[in-house]
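The primary structure of each chain is shown beneath.
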Amino acid sequence: MVHVIKNLPTLVFSLNGNEKNNRFFCSRNDKLKYPRGKLALYTGEGKGCLCFNSSNLVTGFEQCTLFGIAQLKLSTVLFRFKKVNNLCSIALNVPCELEPMCDGESEGSDIEKENSTKDVYKLELSGKDCLMNSYAENFDTSQPSSFLEETKSSVENGILYLEEMDEEVLSKRILKLSRVNKPKSALAIYKSMIFSGLKPDLHACNSLLSSLLRNGMLDNALKVFNSMKASELTTGHTYSLILKAVADAQGYDTAINIFGELISSRNLREHIDIVVYNTMISIFAKANNWYQAQKIWKIMQDNGQVGTTVTYRLLICTFVRCGQNELAIDAYSEMIHNGLSPESDTMHAIIGAYSREGKYDSALNVLQCMLDSELNPNAKACNAMINSLGKAGKVKLAFEVYDLMKSLGHAPDVYTWNSLLNALNRANRYCDAIQLFERIRNIQSFILNMHIYNTVLTSCHRLGLWDKAIQVLWEMEASELPVSTASYNQVIGACEVARRPKVALQVYYRMVRQKHSPDIFTLLSLMRVCIWGSLWNEAMEILKFSEPDGSLYNAAIQGMCLTGKLDLAKNLYTEMRERGLQPDGKTRAMMLQNLPKDSRRNRKRR
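Quick caveat: nothing in here was measured; it's all calculated off a predicted structure.

What counts as what
- Residues numbered from 1 in each chain as written.
- Predicted model: local features only at pLDDT ≥ 70, side-chain atom pairs only at ≥ 80, totals over all residues.
- Heavy atoms only, no water.
- Axes fitted to C-alpha atoms, helices over the stretch in contact; angles between N-to-C directions.
- Helix = DSSP H or I, 4+ residues; strand = E, 2+ residues; numbered from the N terminus.
- Parallel < 35°, antiparallel > 145°, perpendicular 65-115°, else oblique.
- Left-handed = near helix turned anticlockwise from the far one by under 90°.
- Contact = heavy atoms within 4.5 Å.
- Nonpolar A, V, L, I, M, F, W, Y, C, P; charged D, E, K, R; others polar.
- Phe/Tyr/Trp six-rings, centres within 6.5 Å; stacked < 30°, edge-to-face > 60°.
- Buried < 20%, exposed > 50% of the residue type's maximum accessible area, 1.4 Å probe, protein only.
- Lys NZ or Arg CZ within 6 Å of the ring centre and 35° of its normal.
- Salt bridge = Lys/Arg side-chain N within 4 Å of Asp/Glu carboxyl O.
- Polar contact = N/O pair within 3.5 Å; in protein donor to acceptor, adjacent residues only side chain to side chain.
- Expected span 1.5 Å × (residues − 1).

**Description of the packing of helix α18 (residues 360-372) against helix α19 (residues 379-391)**
Remark: α18 packs on α19, axes separated minimally by 10 Å, with the N-to-C direction vectors making an angle of 150°. One finds that α18 runs roughly antiparallel with respect to α19. You can see that α18 and α19 cross each other, and the crossing is left-handed. For the pair α18 and α19, the contacting residues are Tyr-360, Ala-363, Leu-364 and Leu-367 in the first and Met-385, Ser-388 and Leu-389 in the second. Partitioning the contact of α18 with α19 into residue classes produces 6 nonpolar, 1 polar and no charged.

Listed below in structure tokens is the structure:
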């Protein structure tokens, strides 16, 4: 008699007339020629089959649980149902209710003569009933009811009956189930071991913890973690798994609380290694929280822990990314002092930190160390180096780094060209900057942006190349780039240097039509160029339609005194004082020098 059950929903147990052969067999042997995914159960003898004696239904149900089978079905012919009933009542203490089911023929029974349909009866046992009663069977009936209720609660919490009591064997089962991503089965065995007073090994516990977290079972993982702490089975890897999972699910504030509890306990603090500190630093690095990362670094130092290459890489990259360049430099110095060799990411980050702090010599040393270690600096590090050298006026070194950048196969970008242009301007090599701009426009015109245009406008301003400046300005507007007030100021400034007041006014009117509001630098430049161009009316209009500003009046009065327009200067000085604006020292000195002596005497008498 063979029963084939699809999708493994139940396990069937069949009883023969011969009590000695009352066995059932479970096999997945391909030689049985049954489709995959089906469970074939046999009565009788067979090779390659897993057999269970009918006298031990508890063991049978335990094996069913390992197979993931929720129910145990017992089927027998009618004349044997009394023995099945007695067997279940004695072994499992489960009341039996048999219902008829059609099966094959049976022999040697009085009922067979009366019923031609050959009724067969079936008994279904649920997992909880079987396990609960199997545990109750093993305890003395004199136990108090509270103890039996506790046992029932344990079964309902997923605790299994364990026939195997070897801790090593059970630990290997937990490890295997965790590795094949079956956390619920592994957790059931773990709970059963703890309930039975058995202690899983450390490797199995960590593997179970990792499997639970991998499947999003954080609550169960925290329970296992607390159980491991109570059993002193925790390591740095255990804490790292929990802290990272809690930070991802509940935020780093919860992770900080757990970490604080760990370091506050003397027993637990001994198990905290550098891996745990690295995990905490990485949690804050992910959130760009440099302050908390610095606190973990300080705690690590106070506890006598020596950082690894990973520790300093996390610290330096986090500090640089958050703009804390001084902290990054301190961490790098400590790393070198401890004799650790920085990785490529660390060296790239520290080059940026040194460059932003103006320590171009230290940045050059790190760059040379990368080349000596056959580590190719990336384009970002080269750009930071060029920018730092340019700000320091080291134009030659900046172009040497640019040549190195090209030899490494990095194409110059907007940041590269703008850094080189600024380097030439800082070295007062404005003509070279304009020539470089023309070269950029010829080979990479698509890369030109507002920053490069403004840089070359600065060169035109310094040289007084008003026509070149206007050409660049019109090119900016034609390319639909955003033209700022600063761009117009540079062009007006170039007209001022070249003494082209009318052109400066035209640029100013153009600026207003483009709906750009002039600032104080625009008005000061216009005031100076109008005075030197003897455009007195225009200068007075600028004062009339602009907001009252002391620096603007000072510039107008000083320019008029220098050009001999003393009457206008006196009127403006009087108007300035009436408006409550304070003249600067140079304006007061010029007015005192040009006021009549009688007027000065009268003012002294007053």
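**Some words on the packing of aromatic side chains**
Summed over all chains, the structure comprises 9 aromatic pairs. Aromatic pair Phe-225 and Tyr-239: ring centres 5.8 Å apart, planes at 85°, arrangement edge-to-face. Remark: Tyr-239 occurs in helix α10 (residues 236-250) and Phe-225 occurs in helix α9 (residues 218-230); sequence separation between them is 14 residues. Like Phe-225, the residue Tyr-239 is buried in the burial classification. Measuring from ring centre to ring centre gives 5.6 Å for Tyr-402 and Trp-417, while their planes differ by 55°; the resulting arrangement is tilted. On the criterion of sequence distance, the pair formed by Tyr-402 in helix α20 (residues 395-407) and Trp-417 in helix α21 (residues 414-426) is long-range, its members being 15 residues apart. A relative accessible area of 4% means that Tyr-402 is categorised as buried. Through pairs of rings, three or more aromatic residues link up here, namely Phe-399, Tyr-402 and Trp-417. We note Arg-499 situated over the ring of Trp-532; from NZ or CZ to the ring centre the distance is 4.8 Å.

**Quick word on the pattern of salt bridges**
One pass over the full model with this rule turns up 12 salt bridges. Here Glu-438 makes a salt bridge to Lys-468, at a shortest N to O gap of 2.3 Å. You can see Glu-438 sitting in helix α22 (residues 430-443) and its partner Lys-468 sitting in helix α24 (residues 466-478), a full 30 residues away along the chain. A residue is classified by how much of its surface remains accessible, and Glu-438, at 23% relative accessible area, is partly exposed. Here Arg-579 makes a salt bridge to Glu-575, at a shortest N to O gap of 3.9 Å. On the basis of relative accessibility, which here comes to 38%, the residue Arg-579 falls in the partly exposed class.

**Quick word on the side chain of Asn-489**
The residue Asn-489 is located in helix α25 (residues 485-497) in this model. Within the structure, the side chain of Asn-489 is placed 3.2 Å from the side chain of Asp-519, a separation counted as a polar contact. When residues no more than four places from it in sequence are discounted, the contact partners of Asn-489 are Asp-519, Phe-521 and Thr-522.

**Side note on helix α7 (residues 183-195)**
For α7, spanning 13 residues, the distance from its first C-alpha to its last is 18 Å, which sits close to the expected 18 Å at 1.5 Å a residue. Positive backbone phi, approximately 80°, marks Gly-197, located one or two places after α7.

**A look at the packing of helix α26 (residues 501-513) against helix α27 (residues 520-532)**
Helix packing for two helices is described by the angle between their axes and how far apart those axes are. The geometry of α26 relative to α27 is characterised by a closest axis approach of 9 Å and an angle of 150° between their N-to-C directions. Compared by their axis directions, α26 and α27 come out roughly antiparallel. Here α26 and α27 pass one another in a crossing that is left-handed. On the side of α26, the interface is formed by Pro-501, Ala-504, Leu-505, Tyr-508 and Met-511, while α27 contributes Thr-522, Leu-526, Val-529 and Cys-530. Of the residues that constitute the contact of α26 with α27, the class distribution is 8 nonpolar, 1 polar and no charged.

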